[in-house]
Amino acid sequence: MPTPERPLIEPPAPPAKPRPHLVGRATAIVPPKAAPVPQNRRFQPDLSGMWEADGSGENTNSPLMVQINQAGAALAIWFSRPPKDLDGVDGLKIKDDTGGERTADHDWVHGVARGFLVDKMNGNRADKGVPIPLTWFVAEGGNVPPDPLRPAATDLFNPLDPWLSEGTPPLVRGFKGKGFLSYPKTTPEVLLLGFAEDGRPTLRLRRTSPVVRWPRRVISRLPEPLRTQVLIDQTRPVPESLRTRLIALFASAQTGFARLIKTWVHKKDDKIERTRIRVALARMLEFSLGEPWRTRMYGLMALYGNFATLDIDGELKTYYQWLNDVLDDEVRNSSAGGYPTGWGTGRVQEAIRGLGVGGEAAFLYRLTFQDIGASAPLVGIQAGAYAAVVKIDKFRLVFKRNKDGGRVYDKNGQPVTEDPVPVPWAGNHPVFAVFARVAGGLAADVGLKSLTFKSVAGKPGLGVADLGKLDFRSELDLSDSADFAGARIVIASTTVAKAKLGNLAQGNLSDSALWQLYLPGHGWMHAITEADHFSGPKIAFNWGALLTPGWWKAWLPTSAEVTVLRVSLCVGVLFSPAALSDKKPPPDRRSDPDTVHTPLAGQASAMFPYDSWNLDAEEPGSETNGRMRFERDLAEVRAVVEAYGPAPVLLAFTSPEGTEPHNDALSENRAVAVGQAIVDALGPHIARDGFVVSAHGEYPARAQGDLTIHGIPVTGGGLPDPEKYPTRDDFYRSADGPTAKEWPRWRRVDLFVEGTLVTRVLGRDSTP
């Protein structure tokens, strides 16, 4: 442990309190400085990681996913049913506290448990092959009768913490019980889990990953889509068997996709055989899995498909590039036939496009430009400059589905979408743009001035060409229009021939424009507009105009435009004042220790004996001591303590009874003891650099107002000093006596990691 240091307290501490003469009270003895003896509490084997239960009977997939975190002798356990809509999973039954059987997916989905590897004599149960007792809690699902006071846990991902398996009745509905976990030494890769004390039924667990689980409260703070990805991987992952089968498709040049793609390349002239190969590829990609797990599985496959390469006859491409070629072949040659019963081009495309092949997008961003500026011919080349106000609307794309749930495709093989669904912005800030344009070619304007000014509406005034509206499709789920700040736009347009005679008629021959928008950190978006290979001649006339007096005047051609072999290039950049400002509102520094600082571990169950720092003290009538209960809380937050980052802060306080030197020493000894207990339990797993021991005795309990200690806000307790009274009974009988009820919450050591309260160790009250 590093040498303890006195904290830097902001604002500075006031002058020391006066030392009153105490009548009839002996001077308290200052406890000696703590020097806890290191203990190796890293019991082997370390059971931390994700485990899956073996299937049995009709269970071809795992019926239960189990996550274990181990810290010292303590086990924190989460368990959930497999993802929704997974085939080959039978209902798992657990008996409740009344003896009735509850069926998985219908009556329950998630649960938590706790246990200890050691017995009362500190013997390693796992090493002896003795069952490890567990207490568990299972949350009821949404199919049970409603109860407004205790709602059902219907979350997709396990919302429970292991501490719910004991102590205070949980806020969600459920039932508790006792079971066991066994570690057979003859099969060290297997655990046996039972939800009944008699050991029936027993599930065989196999570890699929050694990664420890992050607390749900930490995961909930992550931005989307990262939050959902972590929740899937750490609380209810895709089963290992399915994940391995699908990723193996990209693993070898002799198996999986490779063999079929090679055959497809070599069968260029056999369209029927190519159809059969495309169906075989699509069949390998089909799997039954609900959302969001299906999207996550596609994402994992994309990591391999976009980087693994396949060489066919000297042509090296990634698997995704080859599959793009296969998809293009399906779109162009679906009419060749050869599909087996139950298959067609829609089903084949659905399976391949599910990987993300084909460039599908989930959102549409519509940019409307209202611009002002000027342009003029410059020695055969037209130059222009524009400034624009950009209105950005967000829409969600909804793909059309057939009666079987598959996407509908157009004649070009592209997915057909419904009308875009507007999506409100979480933040909507103004966006502006500036453009520069250069154009050259054979063009002539008849009856027009060489320099024209017009407004957005096209009337005389300030303004130039209206860029109109552009739709960009993207997979990005942006939250604020200001997210487009810094985007660069490139517009390249070509015109083979274009003519317009006033309002009378117009015609185009291959007039098109390609818009590209580069969003920093996300890449390019594309939009093609005005892609008319031939249009016209068009007559601008409708019979209803005959009813308007002087209708013929609108037909008089006052100008004519002719464009031949015209090429133009326009570049611009978008910006927003919201993105230019880095100012953020100052955080609220006020903090109530009982409300704002809630431990990530869910509760503070570890206890020091009264006026002591000994976590190993015997507790009559209890199977555990303070150290074991601290390790039990630590197991839930192990991932936070282990992660790389700044040194954790151990913040220690005491209640105001006793002398100030005594309380200073007591708080420091407790902080040192907690720091050593963490090292004993996790040892080399801790990636952080030591601990900051910040002990303050009774000062924060008696201080007025807000304090900041090592960047952590603490609200002073404002408690009176009981030592100014001749006896403790005198204090209790005084007007200050009722404040004694506040003392227990100040007897504590808080573990902060990067400003977040991770867990807390309390001190017991005095014995009457």
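Keep in mind that this is a model prediction, so the values were computed, not measured.

K.L.:
What is the right way to look at the overall build of the protein chain in this model?
P.N.:
Helix and strand content of the protein chain: 15 helices and 29 strands. In the protein chain, which comprises 768 residues, the proportion classed as buried is 46%. Taking as baseline every contact in the protein chain between residues at least 6 positions apart, the subset at least 24 positions apart corresponds to 71%. Accessible surface computed for the protein chain: about 38100 Å², of which carbon and sulfur atoms make up 56%.

K.L.:
I tried to follow a nonpolar patch on the surface on my own but got confused; where do I start?
P.N.:
Taken together, Val434, Val573 and Phe575 make up a surface patch of nonpolar side chains, about 200 Å² in accessible area. Take valine 434: it is sitting in strand E17 (residues 431–446). Owing to a relative accessible area of 38%, valine 434 belongs among the partly exposed residues under this scheme.

K.L.:
Honestly, the sheet that holds strand E23 (residues 606–608) in this entry has me stumped. Any pointers?
P.N.:
Backbone-to-backbone hydrogen bonds pair the strands of a sheet. The strands run either parallel or antiparallel. Strand order in this open sheet of five strands is E23-E29-E28-E24-E25, and the pairing throughout is mixed. Only two strands of the sheet have a single partner each, and these edge strands are E23 and strand E25 (692–695). The mean angle between the axes of side-by-side strands here comes to 25 degrees, regardless of whether they run parallel or antiparallel. Taken together, the four bridges between strand E24 (residues 649–653) and E25 define a ladder with parallel strand orientation. Within E25, the position partnered with valine 649 by the bridge is valine 692. Relative to the sheet, helix H13 (residues 660–682) contacts E23, E24, E25, strand E28 (748–753) and strand E29 (756–763), its axis offset from that of E24 by approximately 145 degrees.

K.L.:
Hey, could you run me through the environment of glycine 290 in this one?
P.N.:
For glycine 290, the location among the structural elements is in the loop between helix H6 (271–285) and helix H7 (293–305). Residue classification places glycine 290 among the buried positions, given a relative accessible area of 4%. Taking the C-alpha atoms as reference points, glycine 290 and lysine 84, separated by 206 residues in sequence, lie 5.1 Å from one another. For glycine 290, the residues in contact, after removing those within four places along its chain, are Lys84 and Asp85.

K.L.:
Honestly, the packing of aromatic side chains in this entry has me stumped. Any pointers?
P.N.:
Aromatic ring pairs are defined here through the distance separating the ring centres and the angle between the ring planes. Evaluation of the coordinates by the stated rule reveals 17 aromatic pairs. On the basis of an interplanar angle of 80 degrees and a centroid distance of 5.9 Å, the ring pair of tryptophan 136 and phenylalanine 195 is categorised as edge-to-face. Taken as a pair, tryptophan 136 in strand E8 (residues 132–140) and phenylalanine 195 in the loop between strand E10 (190–194) and strand E11 (202–209) lie far apart in primary sequence, 59 residues in all. Among the residues examined, tryptophan 136 registers a relative accessible area of 2% and is labelled buried. Phenylalanine 195 sits in the buried class, given a relative accessible area of 11%. By way of ring pairs, the aromatic residues Phe79, Trp108, Trp136, Phe175 and Phe195 are connected into one cluster. Sitting over the face of the ring of phenylalanine 287, arginine 294 holds its NZ or CZ atom 4.6 Å from the ring centroid.

K.L.:
Is there a simple way to think about H7 in this case?
P.N.:
Within an α-helix, residues lying three or four positions from one another point in the same direction, as the helix has 3.6 residues per turn. The end-to-end C-alpha separation of H7 is 18 Å, in line with the 18 Å expected for 13 residues at 1.5 Å each. Looking only at H7, the buried set comprises Trp293, Arg296, Met297, Tyr298, Leu300, Met301, Ala302 and Gly305.

K.L.:
Honestly, the pattern of salt bridges in this entry has me stumped. Any pointers?
P.N.:
Where charged atoms from two side chains of opposite charge come close, those side chains can pair. Applying the stated rule across the entire model yields 28 salt bridges. Salt bridges here are not isolated pairs; linked through shared partners, they connect Arg274, Arg278, Asp329 and Glu330.

K.L.:
It is not clear to me how unusual backbone geometry should be interpreted in this structure. Could you clarify?
P.N.:
Excluding glycine, a negative phi dihedral is what most residues carry, and trans is how most peptide bonds are arranged. Residue proline 45 is bonded to the preceding glutamine 44 through a cis peptide linkage, with omega at 0 degrees. Position of proline 45 relative to the elements: it lies in the loop between strand E1 (9–10) and strand E2 (49–53). A positive phi angle, close to 55 degrees, is found at aspartate 313, a residue other than glycine. Phi is positive for glutamate 754, close to 55 degrees, though the residue is something other than glycine. Within the fold, glutamate 754 resides in the loop between E28 and E29. Of the residues examined, glutamate 754 reaches a relative accessible area of 53% and is grouped as exposed.

The rules behind these values
Residues numbered from 1 in each chain as written. Predicted model: local features only at pLDDT ≥ 70, side-chain atom pairs only at ≥ 80, totals over all residues. Heavy atoms only, no water. Helix = DSSP H or I, 4+ residues; strand = E, 2+ residues; numbered from the N terminus. Buried < 20%, exposed > 50% of the residue type's maximum accessible area, 1.4 Å probe, protein only. Contact = heavy atoms within 4.5 Å. Areas by Shrake-Rupley, 256 points an atom, 1.4 Å probe, with all protein chains shown as cover. Patch = residues over 30% accessible without salt bridge, like charges linked within 9 Å, V, L, I, M, F, W, Y side chains within 5 Å. Salt bridge = Lys/Arg side-chain N within 4 Å of Asp/Glu carboxyl O. Pairing = 2+ DSSP bridges. Axes fitted to C-alpha atoms, helices over the stretch in contact; angles between N-to-C directions. Phe/Tyr/Trp six-rings, centres within 6.5 Å; stacked < 30°, edge-to-face > 60°. Lys NZ or Arg CZ within 6 Å of the ring centre and 35° of its normal. Expected span 1.5 Å × (residues − 1).

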